[in-house]
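Chain and residue survey
These are the residues of each chain, in order.
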Amino acid sequence: INEAFIGTGLKLKNLSFGFNTGYLFGEKDYDTRLSFSNDTITYHKAHYGTQTRFGGLFYNVGIQYGISIKKNGKKNGEFRIGAYSSLKQQYNGSKDDVVETYQESSSGATQRIDSVFEKGNQKGKVQLPATLGVGFTLEKEHFLIGADYEATNWGDYRFYGQKDLVKNNWTARIGMQYFPATIGTTGYFNFVKYRAGFSFGNDYIAVQNTLPVYTISLGGAFPLKLKHSFYDLQYSVMNFTFEYSNRGNNNNNLTENIYKVSLGFSLSDVWFRRSKYQ
């Protein structure tokens, strides 16, 4: 599934809200090939295929409220709470079905022998479920900690009016960041933002037993150029994260381990700044 979107937000004192809207499009393909191994009788190989293309507009909304924390009359941090939602949407689909017999050449290429059934451009609806999340962050001079809870109602998923082997799922996350720098601090690694996170929940695939999922991540934001002024607005960083995820357990006879390395760049600079002095 792919998305092309545009969004905006508005802040009124301590209250902020915003939304994204755009176009979602993608494909859902199923292919099954059946063949028999027999010394005396030759069977044709069979292919059952379904290809569906779908797309349409989507909407995401969010709201956030910030509360300043003061100590001795001075701001000593900020507490933020928020909520967001991806609304349930129906998308227009076009489906092609084919059942055919085929053979393979010596090079491995497939060639149709006969078409048993074929029907294209079948119109229908693909319904994706709503997601709701709530969370908070607490930010101090050197520390930031946040947590959120997200749930998706996969029981509402429909593909051409039919359900699938999916179920409602949820995920809880907690993360923290440490930033050592203060005014007058020197040294590159004092300006690195060190991060760690943990999440757990259940997968949306419906099996006999619930598939537990948990993730551990470590990383940081590394400045690309260390400025002499702590309050310099020109601040570009490289974000690096190592993540380990586990899905399933021995009770499900299904265990999946995932190792993920992410590298990203946030480039911020002040352009077209008019000089006050020559």
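Residues numbered from 1 in each chain as written. Predicted model: local features only at pLDDT ≥ 70, side-chain atom pairs only at ≥ 80, totals over all residues. Heavy atoms only, no water.

Observations regarding the overall build of the chain
- In terms of regular secondary structure, the chain is built from zero helices and 14 strands.
- Ordered by position from the N terminus, the helices and strands of the chain form the series β-β-β-β-β-β-β-β-β-β-β-β-β-β.
- For 278 residues, the compact-globule estimate of 2.2 N^0.38 gives 19 Å, and the C-alpha radius of gyration of the chain, at 26 Å, exceeds that figure by more than 25%.
- Taken along the three principal axes of its C-alpha coordinates, the chain extends 90 × 50 × 40 Å. (Helix = DSSP H or I, 4+ residues; strand = E, 2+ residues; numbered from the N terminus. Rg over C-alpha atoms; globule rule 2.2 N^0.38 Å.)

A look at the nonpolar core
- Counting 10 residues, the largest nonpolar core is built from Leu24, Phe54, Phe58, Tyr91, Val126, Leu128, Trp154, Tyr157, Phe159 and Val166.
- Contributions of two or more residues to this core are made by β3 (45-71) and β6 (110-128). (Core = buried A, V, L, I, M, F, W, Y, C linked by side-chain atoms within 4.5 Å. Buried < 20%, exposed > 50% of the residue type's maximum accessible area, 1.4 Å probe, protein only.)

With respect to a nonpolar patch on the surface
- A cluster of nonpolar side chains, contributed by Val134, Ile145, Tyr149, Trp170, Ile174, Met176, Phe198, Phe200, Tyr214 and Ile216, occupies part of the molecular surface with about 850 Å² of accessible area.
- Elements that contribute at least two residues to the nonpolar patch include exactly β8 (143-152), β10 (169-178), β11 (193-202) and β12 (212-223).
- Considering every element that reaches the nonpolar patch, the biggest residue donor is β10, with three residues.
- Residue position: Trp170 is located in strand β10. (Patch = residues over 30% accessible without salt bridge, like charges linked within 9 Å, V, L, I, M, F, W, Y side chains within 5 Å. Areas by Shrake-Rupley, 256 points an atom, 1.4 Å probe, with all protein chains shown as cover. Salt bridge = Lys/Arg side-chain N within 4 Å of Asp/Glu carboxyl O.)

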